[in-house]
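Observations on the three-dimensional arrangement
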Amino acid sequence: MDKKPHPFLPFEDSLVGEKILLVWQESHHSEKNLKDHLLKALDLSEDQIVFTPNAIKQKLMVSFPTEIRSLIAKGDLAGITNLLLAIAKGKSDLNQNPAVDITFELIEWILTGFDLDDVLVETLSTLFETRLTNEFIDQVRAEYIKEFRG
C-alpha cells in the first residue's frame, strides 16, 4: 500500500514562506491570492505540493547547493532562478517531482547566506507571477531575522 504524500503548506511549513506571506499581507493582499499565484505560475494543483520524502530530500539538499554555488562562480545568476523554478515544477535534472518545499529551503539558504537579492526578486516574482522589488526582499529578510532575535 502506497503512503499518500503529506501536503506541504508553503506559508505554514516554511519559515521563509511564513515571512513572505507576512510581507505580502502587509501590502493588503490575501494568502489565497498568493497561493493562487503560486499554483498558476508553477502550473500545479494544490495536491501536487507535498513534502519531498526524506531520503530524496537529503540527497537533493546536497546536490542543489553545490549546483547553485557553481552557477554563482560562473556568474550565471539567471541560471539560479531557472534552477529554483525547475525544482519547484519537478523539471530539474535530478528530480522530476514538484518540490516546492526544497525550493523554499533553497530560497531561505540564499536569503540568509548570499548577497543575491536580485536573484531572489526575479525568482519570487516568477514564482508568484507578480513584480516584486528589492524592498520586498529586504522586508522578508528583516522579518526572518526578527524571528530569531525574538
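Now for a quick tour of the structure. From a predicted model like this one, the values you see are computed outputs, not experimental measurements. Chains are numbered independently. Their residues run from 1 in the order of the written sequence. Owing to the predicted nature of the model, reporting of local features is limited to residues with pLDDT of at least 70; listing and counting of side-chain atom pairs is limited to 80 or more, with chain, interface and lining totals taken over all residues. Calculation of side-chain values draws on the structure's entire complement of heavy atoms; hydrogens and water are dropped beforehand.

Time to look at the overall build of the protein. Across its full length, the protein holds seven helices and zero strands. Going residue by residue from the N terminus, the α and β elements of the protein occur as α-α-α-α-α-α-α. Atoms counted for the radius of gyration: C-alpha only. Globule rule: 2.2 Å times residue count to the power 0.38. By the compact-globule yardstick of 15 Å for 150 residues, the protein fits well, its C-alpha radius of gyration being 15 Å. Viewed in the frame of its principal axes, the protein has a C-alpha envelope of about 45 × 35 × 30 Å. It only takes one pair of heavy atoms within 4.5 Å for two residues to be counted as in contact. Relative to all contacts within the protein whose residues are 6 or more apart in sequence, the contacts with residues 24 or more apart total 62%. About 8,400 Å² of surface is accessible on the protein, with carbon and sulfur atoms providing 50% of the total. The charge count includes Lys and Arg as positive and Asp and Glu as negative, but it does not include His or the ends of the chains. Where a charge sits is defined by one atom per residue type, namely NZ (Lys), CZ (Arg), CG (Asp) or CD (Glu). Of the charged side chains in the protein, 16 are positive and 25 negative; the average position of the first set lies 3 Å away from that of the second. Put simply, DSSP marks the helices as runs of H or I at least four residues long and the strands as runs of E at least two long, and each gets a number from the N terminus on. All accessible areas in this document rest on Shrake-Rupley with a 1.4 Å probe, and a residue is counted as covered only by the protein chains that are shown.

Okay, the packing of aromatic side chains next. Only the six-membered ring of Trp is used, alongside the rings of Phe and Tyr, when aromatic pairs are assigned; centres must lie within 6.5 Å, and planes under 30 degrees apart are stacked while those over 60 apart are edge-to-face, with the rest tilted. Inspection of the entire model under this criterion finds six aromatic pairs. When the centroid spacing of 5.1 Å and the interplanar angle of 80° are considered together, the rings of Phe-8 and Phe-51 count as edge-to-face. Of this pair, Phe-8 sits in the segment before helix H1 (15-26) while Phe-51 sits in the loop between helix H2 (31-42) and helix H3 (54-74), placing them 43 residues apart in sequence. Ring geometry for Trp-109 against Phe-114: centres 4.8 Å apart, planes inclined by 70°, an arrangement best described as edge-to-face. The buried label goes to any residue with under 20% of its type's maximum accessible area, the exposed label to any with over 50%, and the partly exposed label to all in between, with areas taken from a 1.4 Å probe on protein chains only. Overall, the relative accessible area of 23% leaves Trp-109 in the partly exposed class. Judged by its relative accessible area of 24%, Phe-114 is partly exposed. Feature note: the residues Phe-8, Phe-11, Phe-51, Phe-104 and Phe-128 constitute an aromatic cluster, connected by ring pairs.

Attention now moves to the environment of Ile-110. Structurally, the position occupied by Ile-110 is in helix H5 (residues 100-113). For the pair Ile-110 and Ile-68, spaced 42 residues apart in the sequence, the C-alpha separation amounts to 9.3 Å. In this view, Ile-110 contacts Ile-68, Ile-80, Leu-84, Leu-116 and Leu-120; residues no more than four positions away in its chain are not counted.

The next thing to look at is the nonpolar core. Grouped together as the largest cluster of nonpolar side chains are 43 residues, with contacts concentrated most on Ile-20, Phe-104, Leu-124, Leu-127, Phe-128 and Phe-136. Every element with two or more residues in this core is listed here: H1, H2, H3, helix H4 (77-89), H5, helix H6 (117-127) and helix H7 (134-149). The dominant element in this core, judged by the number of residues it contributes, is H5, at seven residues. Beyond its immediate chain neighbours, meaning those up to four positions away, Phe-104 contacts Phe-8, Pro-10, Phe-11, Ser-14, Val-16, Gly-17, Ile-20, Leu-127 and Phe-128. Remark: nonpolar core denotes a set of buried residues (Ala, Val, Leu, Ile, Met, Phe, Trp, Tyr, Cys) joined through side-chain atoms within 4.5 Å.

Here the focus is the pattern of salt bridges. For salt bridges, the criterion is a side-chain nitrogen of Lys or Arg within 4 Å of an Asp or Glu carboxyl oxygen. Tallied over the entire structure, the rule returns eleven salt bridges. In this structure, the salt-bridge partner of Lys-19 is Glu-18, at a minimum N-O distance of 3.8 Å. Among the residues examined, Lys-19 registers a relative accessible area of 7% and is labelled buried. You can call Glu-18 partly exposed: its relative accessible area is 33%. Members of the salt-bridge network, linked through shared partners, are Glu-18, Lys-19 and Glu-147.

A few words now on the environment of Asp-43. Along the chain, Asp-43 falls in the loop between H2 and H3. A residue is classified by how much of its surface remains accessible, and Asp-43, at 68% relative accessible area, is exposed. For the pair Asp-43 and Lys-89, spaced 46 residues apart in sequence, the C-alpha separation works out to 7.7 Å.

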